[in-house]
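# Descriptive analysis of the structure
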Amino acid sequence: MDDPTTRRLELAKLAESVRGRASVRRYLPDPVPRAQVTAMVELAVRAANAGNAQMWRFIAVDDAATRAALRGAVDDALDAMAAWPELAGKGKEIKALRAYATFFADAPLVLAVFALPYASRADEMLDARGVSREEHDRLRARPDLQSVGAAVQLFCTAAHALGYGACWMTAPVLAAPAIETLLGAEPAARLAALVPVGRSAVAAPPSSRHPLADVLEFR
Ligand SMILES: Cc1cc2nc3c(=O)[nH]c(=O)nc-3n(C[C@H](O)[C@H](O)[C@H](O)COP(=O)(O)O)c2cc1C
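Residues numbered from 1 in each chain as written. Predicted model: local features only at pLDDT ≥ 70, side-chain atom pairs only at ≥ 80, totals over all residues. Heavy atoms only, no water.

### Comments concerning unusual backbone geometry
The phi dihedral of N52 falls on the positive side, at around 50°, and the residue is not glycine. Inspection of the secondary structure puts N52 in the loop between helix 2 (34-44) and strand 1 (56-61). In this structure, R142 is a non-glycine residue whose phi angle is positive, near 45°. Looking at the secondary structure, you find R142 in the loop between helix 6 (133-140) and helix 7 (143-161). (Helix = DSSP H or I, 4+ residues; strand = E, 2+ residues; numbered from the N terminus.)

Right under this line is the structure:
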């Protein structure tokens, strides 16, 4: 492992897993074996996380009826939004959002990702001072959600390395309360994302990225 050639090969494999991953939104029905789901989550939990609190929780849904119920929950949430007077005349946008938020249910496996409450010493100090939620978030930048996001990215990368397609989705979080109840999540857990996983039914080439010069500066 220590020789430079082996290291270069390891890096090339990692780079392929990172660069080759793309969001996949259409899936074949072949099931994802639970052992492989476990292997993906085992890599996901290697993510850096604030205070090593490991405030993530995962519920893997491979039961078709439960997946259909999850889609129903998102449809209900969108139906309720469509009835808001503020969204009158926005039928086309609601339809597009529905498509963007519900395709997960067609995947053979859906990983629901939750964040548990996390308070560092700094959070406690800001709370003691009574700063507003907005100011608190500005000064802390949601380490809980950053940690959970790091795990989701690793999960998606692991899925790609194992030959699966996945899509990190937050649009279904519009139905968070219903989904948390439906899945029997622990009371303090808050839905952060759904990640459908399956063999890809389409070629999903990696999407483009801004030139590095536009996003990276040195000072
Ligand atoms: C936090 C987050 C939320 C996302 N939510 C959705 C979603 O609800 N529905 C969807 O189709 N894609 C969703 N995506 C996928 C993005 O659209 C996708 O990552 C982006 O277009 C870049 O494409 P790539 O993943 O293929 O590189 C989300 C991605 C992230 C990181």
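### Here's the deal with the side chain of R67
Within the secondary structure layout, R67 lies in helix 3 (residues 64-82). Put simply, R67 is tucked away with no salt bridge, and the nearest opposite charge, on D106, sits 6.7 Å away. R67 has contacts with V61, D62, F104, A105, D106, A107, P108 and V110, leaving out every residue within four places of it along the chain. (Buried < 20%, exposed > 50% of the residue type's maximum accessible area, 1.4 Å probe, protein only. Lys, Arg positive; Asp, Glu negative; His and termini not counted. Salt bridge = Lys/Arg side-chain N within 4 Å of Asp/Glu carboxyl O. Contact = heavy atoms within 4.5 Å.)

### As for the packing of helix 1 (residues 4-20) against helix 7
Remark: helix 1 packs on helix 7, axes separated minimally by 9 Å, with the N-to-C direction vectors making an angle of 105°. Overall, the two elements helix 1 and helix 7 adopt an arrangement that is roughly perpendicular. Of helix 7, the residues touching helix 1 (which contributes E16, S17, V18 and G20) are T157, H160 and A161. Residue composition of the contact of helix 1 with helix 7, by class: two nonpolar, four polar and one charged. (Axes fitted to C-alpha atoms, helices over the stretch in contact; angles between N-to-C directions. Parallel < 35°, antiparallel > 145°, perpendicular 65-115°, else oblique. Nonpolar A, V, L, I, M, F, W, Y, C, P; charged D, E, K, R; others polar.)

### Side note on the pairing of strand 2 (residues 109-115)
The buried fraction of strand 2 is high, at seven of seven residues. One ladder, built from six bridges, connects strand 1 with strand 2; its direction is antiparallel. Opposite F58, over in strand 2, you have V113 as the bridge partner. Where strand 2 and strand 4 (residues 190-198) come together, seven bridges link them in antiparallel fashion. Residue pairing across strands places A112 opposite L194, the latter belonging to strand 4. (Pairing = 2+ DSSP bridges.)

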